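Below are the chains, spelled out letter by letter.
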Amino acid sequence: MKAHFPYFRLAILPAFLFCISSSYVYAEQVYCQSPWLKNNGKIGGSINGGKGSFTIDIKQVNQAAGNSCSADLHIRANAPIAGQQINGSGNFRLLVNNSGSVLSGSFESAGLLGTIMQSVISSNVNGYFLKPANIINEQAASLPSQTYKADVQASVSLPSSIPISQVKVDNAFLQSAARTIGKAQPLKTQMGTFSCVPVNYTGTLSSGQILSGLPPVNKTPRKKQINVTEWYCPEKGLTMKMDIKSGSSLYSVAITYLN
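How each quantity is defined
Residues numbered from 1 in each chain as written. Predicted model: local features only at pLDDT ≥ 70, side-chain atom pairs only at ≥ 80, totals over all residues. Heavy atoms only, no water. Helix = DSSP H or I, 4+ residues; strand = E, 2+ residues; numbered from the N terminus. Areas by Shrake-Rupley, 256 points an atom, 1.4 Å probe, with all protein chains shown as cover. Phe/Tyr/Trp six-rings, centres within 6.5 Å; stacked < 30°, edge-to-face > 60°. Buried < 20%, exposed > 50% of the residue type's maximum accessible area, 1.4 Å probe, protein only. Core = buried A, V, L, I, M, F, W, Y, C linked by side-chain atoms within 4.5 Å. Contact = heavy atoms within 4.5 Å. Salt bridge = Lys/Arg side-chain N within 4 Å of Asp/Glu carboxyl O. Disulfide = S-S within 2.5 Å. Polar contact = N/O pair within 3.5 Å; in protein donor to acceptor, adjacent residues only side chain to side chain. Pairing = 2+ DSSP bridges.

Caption draft 1: Spatial organisation of the overall build of the protein chain. When helices and strands are counted, the protein chain shows two helices and 17 strands. Just so you have it, the protein chain exposes about 12100 Å², and 52% of that area is on carbon and sulfur atoms.

Caption draft 2: Quick peek at the packing of aromatic side chains. Under the counting rule described, the total for this entry stands at four aromatic pairs. Aromatic side chains Tyr31 and Trp36 sit 5.8 Å apart centroid to centroid with 85° between the ring planes, which places their arrangement in the edge-to-face category. Overall, Tyr31 belongs to the buried group, its relative accessible area being 0%. Among the aromatic side chains, those forming a connected cluster through ring pairs are Tyr31, Trp36 and Tyr128.

Caption draft 3: Looking closely at unusual backbone geometry. In this structure, Asn48 is a non-glycine residue whose phi angle is positive, near 55°. Assessed through its relative accessible area of 26%, Asn48 is described here as partly exposed. One non-glycine residue, Asn171, lies in positive phi territory at about 60°. When you line up the elements, Asn171 lands in strand E9 (residues 163–176).

Caption draft 4: Just the nonpolar core, in detail. Tyr31, Trp36, Leu37, Ile43, Leu73, Leu94 and Leu238 are the most contacted members of the largest nonpolar core, which has 55 residues in total. Once residues within four sequence positions are removed from consideration, Leu37 is found in contact with Tyr31, Cys32, Ile58, Val61, Cys69, Ala71 and Leu94.

Caption draft 5: The arrangement of the pattern of salt bridges in detail. Within this structure, the stated rule accounts for three salt bridges. Ionic pairing is found between Asp72 and Arg93, a salt bridge with its closest N-O pair at 2.5 Å. You can see Asp72 sitting in strand E3 (residues 69–81) and its partner Arg93 sitting in strand E4 (residues 84–96), a full 21 residues away along the chain.

Caption draft 6: Spotlight on the state of the cysteines. By the definition in use, this model includes two disulfides. Linked covalently through their sulfurs, Cys32 and Cys69 form a disulfide whose S-S length is 2.1 Å. Looking along the S-S bond of the Cys32-Cys69 disulfide, the torsion reads about -80°, which is the left-handed sense. With Cys32 in the loop between helix H2 (13–17) and strand E1 (41–47) and Cys69 in strand E3, this residue pair connects regions lying 37 residues apart in the sequence.

Caption draft 7: The arrangement of the environment of Asn137 in detail. Following the sequence through the fold, Asn137 ends up in the loop between strand E6 (116–125) and strand E7 (142–143). On the accessibility criterion, Asn137 (44% relative accessible area) is partly exposed. As for Asn137 and Glu28, which are separated by 109 residues in sequence, their C-alpha atoms are 8.3 Å apart.

Caption draft 8: Spotlight on the side chain of Ser207. Structurally, the position occupied by Ser207 is in the loop between strand E12 (192–206) and strand E13 (209–213). What makes Ser207 buried here is its relative accessible area of 10%. A polar contact of 2.9 Å, which involves the side chain of Ser207, links it to the backbone nitrogen of Arg222.

Caption draft 9: Representation of the pairing of E1. Counting buried residues in E1 gives six out of seven residues, a clear majority hidden from the surface. With seven bridges connecting them, E1 and strand E2 (residues 52–63) associate as antiparallel partners. Its bridge partner being in E2, Ile43 is matched across the sheet by Ile56. Between the end of E1 and the start of E2, which pair antiparallel, lie four residues, with Asn48 showing a positive phi angle near 55°. Sheet analysis places E1 next to strand E17 (residues 249–258), joined by five bridges and oriented antiparallel.

Take a look at the structure:
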């Protein structure tokens, strides 16, 4: 069963890619009015200092009544997994309403030993992708807890389309505790230095219930505790960097390009 975990980690990457107290010069905005959420927009980022990367192409944004909107996204990602650099891409749909957002779509990646993985992903959050909250109140000291959930159905096949494995992941999640808002401070990025606010929290990360038909496997969720700092930058309207600590391991996701 261990062979399935590399595929699972890449399958949920877009879902979790796809993932505040002083005076601000830039006026805050509701999520659907964020400056990056626009037609033909593009976001690029690095994983662990360049060991992996991702790009999000925003194809179409449709505004609805209130704070509701939708967008078509094309996501590409690569990451070192099990000693190989795995690449993948897929089309996704982002739906946003007043209480949260849903990201769903399909993702195809080149797997280990020449295999191909096709996955269908559905994820949701009682909040907003790439932004800690709908509107960040500069006077607030904290934000409520947040939960990211994802379900994945993946099939692994040879280039000849002969299936060799099927994996289903139910209810993978990241559950945060209440999040503490720190004081704004300069954050150096590849795009320059911005005034950003650290949002700190502890969380529980679960791999979800993993089911496999080829060979038959039913694996209970594995959970671990993590500590996270999201660096939210009001000028850009999104989290420009995320630092994650799990035990003695440190991980980072950073925005390096924004258009």
